[in-house]
Each structure stands twice: as C-alpha cells, then as structure tokens.
Protein chains: 2
Amino acid sequence: MTDDLRFVPRSEIARALSEANDPIVRAGLLATASRLNALYMIARAGSGHIGSSFSSLDIMSWLYLNEMNVQKNKNVSDVFFSSKGHDAPALYAVLIGLGLLPEAMLDGLRKLGGLPGHPDVATPYIQTNTGSLGMGISKAKGMIEADRLAGRARRYFVMTGDGELQEGQLWESLQGAVNRNLSGLTVIVDHNKVQSDHYVSATSDLGDIEAKFAAFGWNVARCNGHDFAALRDTINSSRMAAKPTVIVADTVKGKGVPFMESTQFGPHDFYRFHSGAPSAEDYKGAVDALQATLGTLSGQSGAAPMAVESRPRTPASPTSPQLHRLIPAYADALLNAGKQNPNIVALDGDLVLDCGVVPFRDAFWDRYIECGIAEQDMVSMAGGLSLGGRLPIVHSFACFLTPRANEQIYNNATEGTKIIYVGSLAGLLPGGPGHSHQSVRDISLMANVSGMTLFEPATGREASMALNWMIEQASGPCYLRLVSIPVALTYDAELAAEPVVGRGMPFTEGEDAVIFAYGPVMLSEAVAAAQELRQAGLGIKVVNLPWLNRVDADWLRACVAGIDHVFTIDNHYREGGQGERIAATIAQLGLERCPRVRCLGLDEIPACGTNEEVLRHHRLDRDSIAAFIYASLDPATDSKTLQCSILAKAGRG
Amino acid sequence: MTDDLRFVPRSEIARALSEANDPIVRAGLLATASRLNALYMIARAGSGHIGSSFSSLDIMSWLYLNEMNVQKNKNVSDVFFSSKGHDAPALYAVLIGLGLLPEAMLDGLRKLGGLPGHPDVATPYIQTNTGSLGMGISKAKGMIEADRLAGRARRYFVMTGDGELQEGQLWESLQGAVNRNLSGLTVIVDHNKVQSDHYVSATSDLGDIEAKFAAFGWNVARCNGHDFAALRDTINSSRMAAKPTVIVADTVKGKGVPFMESTQFGPHDFYRFHSGAPSAEDYKGAVDALQATLGTLSGQSGAAPMAVESRPRTPASPTSPQLHRLIPAYADALLNAGKQNPNIVALDGDLVLDCGVVPFRDAFWDRYIECGIAEQDMVSMAGGLSLGGRLPIVHSFACFLTPRANEQIYNNATEGTKIIYVGSLAGLLPGGPGHSHQSVRDISLMANVSGMTLFEPATGREASMALNWMIEQASGPCYLRLVSIPVALTYDAELAAEPVVGRGMPFTEGEDAVIFAYGPVMLSEAVAAAQELRQAGLGIKVVNLPWLNRVDADWLRACVAGIDHVFTIDNHYREGGQGERIAATIAQLGLERCPRVRCLGLDEIPACGTNEEVLRHHRLDRDSIAAFIYASLDPATDSKTLQCSILAKAGRG
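Now for a quick tour of the structure. (Residues numbered from 1 in each chain as written. Chains lettered and ligands numbered in written order. Predicted model: local features only at pLDDT ≥ 70, side-chain atom pairs only at ≥ 80, totals over all residues. Heavy atoms only, no water.)

**Section: the overall build of chain A**
If you tally the helices and strands in chain A, you get 23 helices and 20 strands. The C-alpha atoms of chain A give 26 Å as radius of gyration, which agrees with the globular expectation for 653 residues (26 Å, within 12%). Projected onto its principal axes, the C-alpha coordinates of chain A cover approximately 80 × 60 × 50 Å. Within chain A, the proportion of its 653 residues that are buried is 67%. A sequence separation of at least 24 residues applies to 80% of the contacts in chain A between residues at least 6 apart. Counting 56 positive and 70 negative side-chain charges, chain A places the averaged centre of each group 4 Å from the other. (Helix = DSSP H or I, 4+ residues; strand = E, 2+ residues; numbered from the N terminus. Rg over C-alpha atoms; globule rule 2.2 N^0.38 Å. Buried < 20%, exposed > 50% of the residue type's maximum accessible area, 1.4 Å probe, protein only. Contact = heavy atoms within 4.5 Å. Lys, Arg positive; Asp, Glu negative; His and termini not counted. Charge placed at Lys NZ, Arg CZ, Asp CG, Glu CD.)

The following block contains the structure:
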C-alpha cells in the first residue's frame, strides 16, 4: 500500500462540495483535494512543481469556485491563467475536481496526448501558453483589447510568481495597462518567497513590491493568500478600483504539507520541492498530512469525509548505472577552470543547481554573480564585465538564454569581446516540461551571431574539453550547448577528439551511408540505428560533429568521399539546424558526384510527453531513423524480412 | 555662403575655454559650440538625431568639463556613455571640442572609417556599443563588477532617454544595482519628453518617474538639465548617497535653437527634428541662432568671440525621380486591408511614421495600439489579441522586433494563432546608423519559428500582394521583411508574380549561371551585375525568390536544370540566410549532376558608412558581384580585357 498513489475521485469532490455550504470550507475542500491530486499527478509523471502548485492552490480554488464565470468557450469565459505556468498541476487538479477536465487525466500529466508540463491552449479551459516568465500581463492586455473591440466584458485574473517579478517584460507591461485603462484586470502575485533555487531575497531581492506596482499606477492590495476570507474581501474591494489591480498574496511554497513548506528551510538551503518528483517516503508523508487535513475540513463541513482511492504506482523504469550525465562533468570542468583562470566570472539566472554552477560558486563567491530571472540584464552585465577585462561565463537554460537575451548577446558580439554562454536543458528532451522549455531553436539563434562558435558535447569528457577550448583557444564568443537529461549512451563515454574547429569524429564505420549528429541524445539514437542497420547488411558511418556552426570543408569532403547517402540528425528544428549547414556546405564543395543529403529534425512544435514518447512521435528514435534510412537506400538486397522488422518496430509496417 | 556648413574649430574652443574662468560659462561655451558642430556633422552626413543631441549637450558638456577624469585607457577613465546612443553626434562634438577626437572627424559622421551613427567601442573614448535601447545600466553594472574585482574605483555616468524608460530591460536592471550596492553609478535621464514620433505622454505615458526609481530602491534627484548650477549641485549632493543615483534631468528636445525646440510643437504634431538631416533653410536658421548664443556667451566670459569656419556643403547626390520606395506602398496596402478586414489591429512600437502605419492609424484609431518602445509587451499583446479573435499586424524596425521579442514571437507561434509581423529598415542598408540598426539576422531569427512564413518584396507592388497573401491566404504567422531605403531599381517596378509559396520569378534570363536574390537592394545589384556580365558574354539568370524560408523543390529543380553555377546573394549574414537554405535544398534534391553553389552575404559585423561604401566594403555591390561571378566561372573565352575591367572596377584588379 505504501507504494500506491492516492487521489480523490471527482465524484467525491463533487459530493463534498455539494454537501458543504460555507464558501470558505468549500474552497478548503477543493484546495486540499487538489493538493492531493496534484501530488498524485506529479508522482505519476515523475516530475513537476510541487512547491508552486501548493502555494497557489488556495487562490485558484477560491477563484474558480466563487469569482469566475467559467465557460468552455474561451472567448466568453472569465479568464484565469498563471503567467509562471509551472504551477500547471494545481490548475489541472482544480479543473479535474470541478469536472472540467476528465478524471483520467490524473494519469496524463506530461504524457503524450495528456496534460503538458506547462499550460497549452490545446487543453480545454487553458487560455494561453505560459512557461517562460513575464509574458502573462501582456497577453491579458491583448485579450482585453480584443474584448473591447468585440464589445465583450469579462473578468481577468492573472497569477504571477514573485521570482517572475525579476523579469523586465513584467514591468514593461504595467504602464500600458494603466494608460489604456484596463481596469478589468487583476494580477495576483503568488508571493511564496522562494524561486527555483533559493529564497527570492537571497537570489535577487525584490524590495518593496507594493511600492513598485503603485509607482506604475496600479491599484495595490495585499493579503494572506491562504486566508479565503481575506482573498474574498481583497478581491471584492479591488472591484471598485478604476485602475488595474495587483494583489500581493502572501503564500507559503509547499503550503499544506508541513515538511514541504518553505518556512521550514534555512536561508541558504536549497528548497527541495521546487521541481522534480517526491521520494516515496516524502510522497507518503505528504499524503498522510493532506488526508488528515481533508478529514478535519470534512468535519467542519458536516459532510462525510471524502473517500480516497489508490492505484498502484507504475514501476519506475530501472535506473541504469550506465546513465551518462553531462552537467556534473561540466560542473567539475568549470570549477577547475576557475582555479586556473582568475579572470573567469560565472553568472547565473536562478538555475545554479541545474546548470552545474554550485561547485564554482562555493569556491569563488567573489567571482559569481547571481542575477535572478533576468536574462537580458545578465547578458548585458556580462558584456560590461568583458569590457572590463574579465571572462564571463553565462548560465541559464538554453530555451531562455538564447531567445530572451538574443539582442543583448548580439550587442556584446559587436564589441568584439569574448563571452562564453552555456545553455543547459538544450534540445527536444526532457519531453515533460513542454515547448516553453524544449530548446530547439538555439542553434539557429546563436549561429547568426557574428563570430560565435557553437559546440555541443556528446560526453562529459567532451564537455570538459570544449569548455577548456573555449577558455583557452577561442578568440571570440562561444556557445556551449548542453543536454541535461541522463542518457544511456550507445557508445563509449570516453570518446572525445581533441577539438579542431569544424572537424568531427566517426563513432562507427561504414560505406553505405554517413550520419552526422551531435550530442548524447541523437548520437545514441544514431549509433543504435546503425547497429540495427548493420543487421540488415548496411554499413553506416556515424560521425559526431560537435561544432554546430562550423564545418571544415576539406574534412567534410573526405568524410563523404565515395558515399552516396548523407543523413543529418538535428536535436533541433531542421530549419537553422546543423543539418542544413552540412547540406549547404556539400552543395558548395563543387563535388563531381554529389551525395543525396537528407536532413532529419523537428518540423513542428515539439510534443510534450515522456522522452521515449516524444522521440518516437517526431520519428527521431533509433527505430524510426533506421527505418527511414533503410527505406531511403532502398537496397536491392533481399533482406525484406529485416526491412519489415525495422519498419514494423518504427510503427510504419 | 548660405550653402556652406559652419563649425567652430577645436583651436577656438580651446582658446575660449582657457580664457573663461567661470565653470558655468565654460560649459555653456562648449555646449553651444558642440551644438553647432553636431549640426555640422549631421548636415554633412545627411542624417542624424538633432533633437536628442541638443537636449543632452549641456549635461555632457558639464560632465566632461567638471566631473570626469577622462583617460584614453578606457579601463582607467571615469565612464560616461549614453544608453540611447542616437545622441552620438553630441558626444562626438564634445570629444572633438576637447581635443579627444580629431577635428577632421567632423566630416566623418556615418562614413566608412569615420564615426558610426551609433557609438562603437572601436572609436576612442567610447565605452560601450549602444543604439538598441535599455541595455546601458546593465552594461555599467558589469563594468563596475569588473572594477571591484580589479580593485578599481571610478565614477560612472549613464545617460538614458525618457522614451527608453518604456523598455523592460531598464527596469530589470535596476534592482540588482541596489542589491549589489553599486553606489558609484549615476544614471541621468535626458527627460526631453519627446520620443521618436510624438510626446512621450502621448505615446506611452511614463507616469511618475521619480516614484518608480525610488520604489526600486534608488536615490532619486531631479533638476533642470540645462541649468549648469543645478546639475552641479544635484550631482554633488548625490555623491553622498549610499545607493545608486538617478537624476531626472528636465530637458528640451532640440534645445538651443528655438524653432527646433520640442516646446514649439503641438501635442499631436510629429516632432520634426528627431532624426534625418535639416533642410538648407532650417540649417541656416539653426546656425544663426547658435552663433548668436555663442556671441552672447563670449560676451559673458570676457573672452573674444569664437571664430566660426565654413566649408562648402558637398553637393548632394541628385535625387533621382526613379527612386523606388516600399514603405508608402505598404502603407497604402495596410490602409486598404484595414478597410476590407475589420479584424485587423495594427500595433506599433514608436515608429508609426517610419513603418508606414500613419494612414491606417488615422483611419482606424480604434484598431490601432501604440505600444511605445516595448517590443516584448507589444508582441505578447498581439498574442492575446489573436487569441481573442483578431488579426494583429505588428510593426517595428526589424533589428528590434525580431531579436528583442524573439521568445515572445515563438510563444505566440506555439498557440497556433495567426499574427503578421512587419519589420522595416531590414537589411544592410541604410549603412549610416550602424550595426545596432542594420538588421542582418532577422531571416534566421524568424525562420526558426515553427510555421512562420517569411517574405521580402522587391517592389511596392509585390509588398502589397504579399500583405494581402498573408492576410487572406496564409494559415499561420508571417513575417514581412521590408527594405526602407529608396532604391534606384535596375528592373521594372511593376514586376511581381502572384504569390505561390516557395516559387520565384526570373528578372533576367541566361544559362551560364543563376543568381537567387530578393528585395530591392540585392536584386538591383544582381540585375546590374548580370548586365555587366552580359557585356562579357555571359548569360546570367537573376531570379527573385521573395520567400525567404520556403523553396519549392520542383520549381528549384527546374530553375537550376542544366546550369552549373548557382549564386545566392543575401542582404543578411550568410549564416542563416536564404542562400544557405537554397544550397541545402539543392543538396537534398538528389540531382544527377549537382551545380556548384556559392553563397554571397555578410560574414562579419556590418560596417557603418554611406550606402555605397557599405555595399562595396562587403563586396555586395554590382561590380564586386560581377567580378566574383566572372572569376568563379573562369571562362575559357579570351575576354581577358573585360575581365580585367570588371575586376578593376571591383577593386581587385
């Protein structure tokens, strides 16, 4: 039983809500059942944001039960959305609890065809796509302008995080709301005081939030975000304001489960429940706490206690000891580089843990700058540091660093200084967070920066060598693209060539075709595909070309000599990926006999799901790759059986 | 004489400054002489920002004469820079007046090898590259962090605009300066109340600036930015603050020349002297006014009046009646579209005039949203409008719209809505403003947005057809890339094919080679190059392919059939431009006989200069193109003479 997952069925929530009369008790029942259900979803998915979901759930429950006219037609319904977006499990749990999403979706979080890790408009009742911070108020403003043109009037509630208040766009969006008199808009700051890694005050203190919003002309109120009566009264009184309103709701990250509550952590500890799945032990403790609260609330309501159902936890996939991780290797390399080069300054955007910067930070506090969720500011600061003679190394997730601060990165490049940008969580995987976090445009976004050299390592050893090359040998700015997920490599983790710009290294040999790829995810799929094809009698040369925007023409000429078929595999959109660059280079070589190039990569917005689901969905898994190559080569051999088997495995047979 | 340009020689400024004792009179002398010299530079260059230069000149003069320890070594000197950057003529004039830049540079504004339209660190005493707004405080923060690590302490003065306060990054940068205790930093807002098109209050009112900065924890002071004593006292008292300081300096745009002063314009007029060159009449009137002030100041100082020298105005290149402009055609097309489609909402980022949105705005005030200098907010608002059922058309300069709001554009695309983005001032030209404004990365930045269709028209007619296609036929988001400069077309301005995705139209015929290009600048150069090569006996097919990220494979196959040499010309970096895409497509066609592809485009940060200088510098002018093609084809004919002539014209002979 301890390994079961527990949830409150929709029917029980409906019964309890119908039996309770007091709006405050009803909100408490929905919020607590939703905490249990959100936790169920996150445990089932294996990842998700507990802390923010719990801090926001009282507010969401109150709004949906008491404030909003909710309609399936999104253009008629009152509007709630969370600009931070990573509290999506909370919103899903509320919608399931109210019967607006099917109960079966409790098992669908971060699954293909289920509920994405961050909100997406393809889901009923989801009003806009969020997950990258700071856009929410602007989005609401546009919706309200559309309402005005259509003669509609409805209520808007936009939730933001508090760490999110570090983003420039949020402040950019405030003044226009006042100037254009968008008084129907209420912003609620889920002020839980903790951002991704640490307390907001320790990361990049916000100062006086109320004074800031007031200075931008907003009506400002503040209340306890876990006190339903206070929420009710604050929202009510703000309805009289002739200006847009912000309610700073004081909340507790992890609210509802004492040992998950942020008040239980020391000022310099990492908060443990920002993202990721709970351990089995933590899960059980949390469920017990939430069930106890449910019992208490049921007693207050006079209704019978809600029955809790349980389902077996899906057996976790065995954690293979062979899983290979780049981030720890990068962390070591950065620490060592810091020891050898006193010029290095590391900058971070509230992802010090995920980006592997903790060892450097702990060793060199004076050469570490925590910038908070402020990528543009961080990148321009790096520009200033570089002008001042330092070597800045800038860290964030690739999906945020490269598009959000793109103009700033280019501006730095025009100054001829050297800065190293490190983008983690790069590529299609993990598939769970969804498209706001799947960085599949960053090669294109960085390759067009004049003088920038891009590199994606396939092993920890290669990551370390690449960082050293960038520090010691590169003359201009560099971008180190890092896959963050652990990967079961299909090649030797010690493989790594000395960096020579534009040149790669074969991981397998063969003469029927060559595959160019990079990074641990796609190289592992490519090598596995080559192994499958070997059984079909085809010899495939898989080449690791880690230089994403540099191709040495002579090396390439030798690489494809005598080979009729070239395949490229991008962990990225095909458009602007490495494959297009290789194909373009081949066309420019002026070969007597030109091989046929076929580029594999993404052509559509990436799907959300498990890593396996997502690879398969986009036909970038080993079986799909093998089948595609096999079909492309259309060999005259009689290995029809194998072909069928390959195609069948890829779901095309 | 009326057509001469007048300036105060450096020697006269030095003499007057040495003869005057009162710091206030000295600052007035330097500022007024610098106004005259900045006006000289702008008139000579044919473009530049008079209004902002004049509003900021008293502040700059005071700082350089009285506050700053100025050293040639940028890492030792006290630091001043302007974050808005377009007031560069003012700064150059002060530096020339103080003997820090050579007097000959008065003739070098916006010329190759001279003084760039916006500041660049390649120029002595220029501390950082600005021109795109909102980055300055972040840059200074990084420099101060570098100082701390190096054990240096010096003073920092960063000037910002007031329209610039609409940019989110500015607010993003404030809190960290307080949290990290950067008390050596003084920001001076050149609060001249007028931005690119209109009064700030009419564009996107800033509300209470002082309250805003104070809420972010800054020490705030305010004074008259044209009152030297007030500047002195305000700067002095701010030195005691233990926090970073902002001084809101109330100024007048165009200060010093009564008819150029912004106080002389009605609240809804366009301010006439934001950018561009003065007319001959305005120039003369301004010079007379400034010389009168100089005389008055000299009288006050007790020194002899400064002698003013004059030089003949370089004869303006004759304005050909054949110059073709896309923006007016676009403006008409947008207006007509607005009449036919009530769903269209136009958004603008303080460039309503330059982007051709005035006719639409004046006809449809209710469907026009002026967002100010807030591209991220504007783009996300467009996302909300689109979710609300409208068809937003978003306008700004390409250089700001596509990188600054890149993540927001992608977020909108993930929602599956349709939005049309229109980027003006696209491409390498005009060459005068410099690299902050030369949009040569936008194809790459937009092409990687899933579902986005890019189009660059070569004629006004094609611009109009493209807009209609985007409104009526496109299913997803689109990017219309517009060259803003008037072009002397070398082909018929009526040429335009019905839009068929991925297919283009030959402008000339020939079988020795094919050139793919797009847009009026490069197509005009390509057609002219083909005409030159025709004289050398070579037949060149020049194809207009306006679809920047779509190539119809069948059409392309037919286009290159039987041709051995393919050239592409990008008004963009080669990396990520159209040429790479064409080359990659050819490699994927699997042709029996593959043509050799050669891609022309930018490979380095674009130079600043006149349009002719810049094209030639990057070897993208007609002569360089013809010479390159001729040399590439290396024909066995005996047309050596012609070859030599072509190569000589391109500077390679």
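**Digging into the pattern of salt bridges**
Pairs can form between side chains of opposite charge once their charged atoms are near each other. Going through the model one piece at a time under the given rule, you end up with 66 salt bridges over all chains. Two residues, Arg404 of chain B and Glu407 of chain A, come together in a salt bridge whose shortest N-O distance is 2.5 Å. Of the two residues, Arg404 of chain B is situated in helix H14 (residues 398-404) and Glu407 of chain A in helix H15 (residues 406-414); the pairing between them involves two chains. The exposure classification of Arg404 of chain B matches that of Glu407 of chain A, with both residues buried. Arg622 of chain B is paired through a salt bridge with Glu525 of chain B; the nearest N and O atoms lie 3.1 Å apart. Taken together, the residues span a long stretch of sequence, with Arg622 of chain B in helix H22 (residues 622-633) and Glu525 of chain B in helix H18 (residues 519-535) at a distance of 97 residues. For Arg622 of chain B, a relative accessible area of 28% translates into the label partly exposed. A cluster of three or more residues bridged by salt bridges with shared partners is formed by Lys193, Glu210, Arg222 and Asp250 of chain A. (Salt bridge = Lys/Arg side-chain N within 4 Å of Asp/Glu carboxyl O.)

**Quick notes on the nonpolar core**
Leu347, Tyr421 and Phe516 of chain A together with Leu347, Tyr421 and Phe516 of chain B are the most contacted members of the largest nonpolar core, which has 250 residues in total. For Phe516 of chain B, the residues in contact, after removing those within four places along its chain, are Val543, Trp555, Leu556, Cys559, Val560, Val566, Phe567, Thr568, Ile569 and Ile582 of chain B. (Core = buried A, V, L, I, M, F, W, Y, C linked by side-chain atoms within 4.5 Å.)

**Observations concerning the interface of chain A and chain B**
Of the residues lining the interface, 100 residues belong to chain A; the matching set on chain B comes to 99 residues. Across the interface of chain A and chain B, roughly 7,900 Å² is buried in total on both sides, 51% from carbon and sulfur atoms. For the interface between chain A and chain B, the tally reads ten salt bridges. On inspection of chain A and its partner chain B, the count reaches 58 residue pairs in polar contact (both at pLDDT 80 or more). (Buried area = accessible area lost by both parts, 1.4 Å probe. Polar contact = N/O pair within 3.5 Å; in protein donor to acceptor, adjacent residues only side chain to side chain.)

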